[in-house]
Amino acid sequence: MQDTTIEKVVIIGSGPAGWTAAIYAARANLQPLVLEGVPKQEPALMLPGGQLMLTTEVENFPGYPKGVMGPQLMDDIKQQALRFNTRSRGVDVVRCDLTARPFTLTLSDQSTLQAHAVIIATGATAKWIGLPNEMRLARTGGGVSACAVCDGALPVFRNQPLAVVGGGDSAMEEAAYLTKFASAVHIIHRRDEFRASRIMQQRILGNPKCKPVWNSVVLDVLGENQIEALRLKNVKTHEESTLPVKGLFVAIGHTPATSFLDSKQIQLDEKGYVTMPVPHRSMTSVEGVFAAGDCADAVYRQAITAAAMGCRAAIDAERWLGEHDIH
Ligand SMILES: Cc1cc2nc3c(=O)[nH]c(=O)nc-3n(C[C@H](O)[C@H](O)[C@H](O)COP(=O)(O)OP(=O)(O)OC[C@H]3O[C@@H](n4cnc5c(N)ncnc54)[C@H](O)[C@@H]3O)c2cc1C
């Protein structure tokens, strides 16, 4: 089905970046259309509302002195955007033609639409080990997380033994952050040395709270409502063991949700993050296409930074449309 209207601005993604971009674009009278995405299990768990739909308590989003549940926060931001006449559709973008303006987006319901400006806010999904009990306890606030900055300060982790899985720089950063709260941080890594930079390794290996568990993988996460222990396997000796912990932080990387973009049309970095050539701005390598949130940010990956990037993208899009006499 071909829709002949040309949208002024289409926002792809309905996480904190997408809905915040919508609030700003709608209040600027651009009648934005948000493409919310559809729920997916593969290649990674993704929901309309974004990554915060997978968590329980959010304690670090400004404006909620008592904290807020992730799905409630997302509903609040969405309702704020809808109040200003944002429109939305529960579809994925499966392909974009960014070679000519207006841009053409192909959607998962087989329809296409055209837009003068596009804001890409599709996020990045945390990689999980893939164990059923890991996901169950992650989704129910049972002490499994993919973000130390988000969850490390929760009371349940204070003065408790915790575990980090991973061996790269971000695993080292997660472990270093957790040492502020934990009694011990066990770093489980499948090899006998970390991949992280030497300086990060030195920082971790010199910290008495950090205890590497070499050559090991997690076989299962034990605990009914709260994590109690990890079942580990040494990949060299094949020996199995149980490690009591009160928290598990999975730090094996993130995947930006940008596979629907053609890297010949828009610049992505080697990991697939959308690159933004002008520092502190939201423009991408394609004029009229803007990016916001975790799909363009491998560093901070927080709801508030994503929301702030959504704000920037909407303001940049509004100015760009104005410069092209599209009001
Ligand atoms: C378990 C967990 C706990 C967290 N806790 C906190 C916390 O306490 N505090 C905090 O600040 N941050 C937390 N974070 C991080 C935070 O969730 C992210 O930084 C934030 O959600 C990023 O927002 P975003 O809008 O960029 O992307 P996302 O929230 O990932 O949203 C992306 C959106 O894009 C949609 N989408 C993807 N592909 C397409 C497509 N092709 N077409 C259409 N739509 C598409 C998805 O459906 C989704 O709606 C947590 C993350 C996780 C995983």
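Points about the environment of Cys-210
Structurally, Cys-210 is set in strand β13 (residues 210-213). For Cys-210, a count of 20 C-beta atoms within 10 Å puts it in the buried group. For the pair formed by Cys-210 and Val-164, sequence separation is 46 residues and the distance between their alpha carbons is 9.8 Å. If sequence neighbours within four positions are ignored, Cys-210 has contacts with Ala-175, Thr-179, Val-185, Ile-187, Ile-204 and Leu-205.

A look at the domain arrangement of the protein chain
The figure often quoted for interface size is the accessible area lost as the parts come together. Parsing the protein chain into structural domains produces domain 1 (2-125 + 255-323) and domain 2 (128-250). Between the C-alpha centres of domain 1 and domain 2 the distance comes to 31 Å. Contacts between domain 1 and domain 2 engage six residues on the former and seven residues on the latter. The residue makeup of the side of domain 1 that touches domain 2, split by class, is one nonpolar, three polar and two charged.

Let's talk about the sheet that holds strand β14 (residues 216-222)
Spatially, three strands are ordered β14-β15-β16 in an open sheet, and the strand pairing comes out antiparallel. Sheet topology places β14 and β16 (240-244) at the edges, where each strand pairs with a single neighbour. Strand-to-strand twist across the sheet, computed as the mean angle between neighbouring axes with direction ignored, equals 30°. As judged from the five bridges shared by strand β15 (residues 229-234) and β16, these two strands associate in the antiparallel manner. The residue of β16 that forms the bridge with Lys-233 is Glu-240.

A closer look at the site of the ligand
Taken together, 42 residues sit near the ligand, with Gly-15, Gly-37, Gly-50, Gly-123 and Gly-293 positioned nearest. If you list the elements that add at least two residues to the shell around the ligand, you get α1 (16-27) and α7 (303-323). Taken together, the residues that form the shell around the ligand break down as 23 nonpolar, 15 polar and four charged. Composition of the shell around the ligand by domain shows at least three residues from each of domain 1 (2-125 + 255-323) and domain 2 (128-250).

A short note on the sheet that holds strand β17 (residues 247-250)
On the basis of which strands lie adjacent, the open sheet formed by five strands has the order β10-β17-β11-β12-β13 and parallel pairing. Since the sheet does not close on itself, it has two edges, and those belong to β10 (144-145) and β13, each with one partner.

A closer look at the packing of α1 against α7
When two helices pack together, their arrangement is given by the angle between the helix axes and by the axis-to-axis distance. Between α1 and α7, the shortest axis-to-axis distance is 7 Å and the interhelical angle comes to 40°. Looking at the two axes, α1 sits oblique to α7. Taken as a pair, α1 and α7 cross one another with a handedness that is right-handed. For the pair α1 and α7, the contacting residues are Pro-16, Ala-17, Gly-18, Thr-20, Ala-21, Tyr-24 and Ala-25 in the first and Ala-303, Ala-306, Ala-307, Met-309, Gly-310, Cys-311, Ala-313, Ala-314, Ile-315, Ala-317 and Glu-318 in the second. When the residues that make up the contact of α1 with α7 are grouped by side-chain class, the tally is 14 nonpolar, three polar and one charged.

Some thoughts on the nonpolar core
In terms of nonpolar packing, the biggest core is built from 59 residues, with Val-10, Ala-21, Ala-25, Ile-119 and Ala-292 touching the most fellow members. Per element, the largest residue contribution to this core is eight residues, and it comes from α1. Not counting chain neighbours up to four residues away, the residues in contact with Ala-25 comprise Val-9, Leu-30, Pro-32, Ala-314, Ala-317 and Glu-318. Formed by 35 residues, the second largest nonpolar core is a distinct cluster that contains Leu-162, Ala-163, Ala-182 and Ile-204.

A short note on the pairing of strand β7 (residues 103-107)
Taken together, the four bridges between strand β6 (residues 93-97) and β7 define a ladder with antiparallel strand orientation. Looking at the pairing, Arg-95 lines up with Thr-106 of β7. Bridge analysis of β7 against strand β8 (residues 112-120) gives four bridges, and the strand direction is antiparallel. By the bridge assignment for β8, Thr-106 is matched with Thr-112.

Section: helix α3 (residues 132-139)
Listed in full, the buried residues belonging to α3 are Glu-134, Leu-137 and Ala-138. Within α3, the buried residues cover an arc of 105° as seen down the axis, which keeps them to one side. For α3, the secondary structure elements touched by its buried residues are β10 and β14. Among the residues trailing α3, Gly-141 stands out with phi positive, at a value near 70°.

Regarding the packing of helix α5 (residues 169-178) against helix α6 (residues 198-205)
Contact geometry for α5 and α6: axes closest at 10 Å, N-to-C directions at 30°. Taken together, α5 and α6 sit at an angle that is classed as roughly parallel. The way α5 lies across α6 gives a crossing that is left-handed. For the pair formed by α5 and α6, the contact residues are Asp-169, Met-172, Ala-175 and Ala-176 on the first element and Met-200, Gln-201, Arg-203 and Ile-204 on the second. Its residues assigned to classes, the contact of α5 with α6 shows five nonpolar, one polar and two charged.

Calculation criteria
- Residues numbered from 1 in each chain as written.
- Predicted model: local features only at pLDDT ≥ 70, side-chain atom pairs only at ≥ 80, totals over all residues.
- Helix = DSSP H or I, 4+ residues; strand = E, 2+ residues; numbered from the N terminus.
- Buried ≥ 20, exposed ≤ 12 C-beta atoms within 10 Å, placed from the backbone.
- Contact = placed C-beta atoms within 7 Å.
- Domains from an automatic or database assignment.
- Nonpolar A, V, L, I, M, F, W, Y, C, P; charged D, E, K, R; others polar.
- Pairing = 2+ DSSP bridges.
- Axes fitted to C-alpha atoms, helices over the stretch in contact; angles between N-to-C directions.
- Near = placed C-beta within 6 Å.
- Parallel < 35°, antiparallel > 145°, perpendicular 65-115°, else oblique.
- Left-handed = near helix turned anticlockwise from the far one by under 90°.
- Core = buried A, V, L, I, M, F, W, Y, C linked by C-beta atoms within 7 Å.
- Arc of directions from axis to C-beta.

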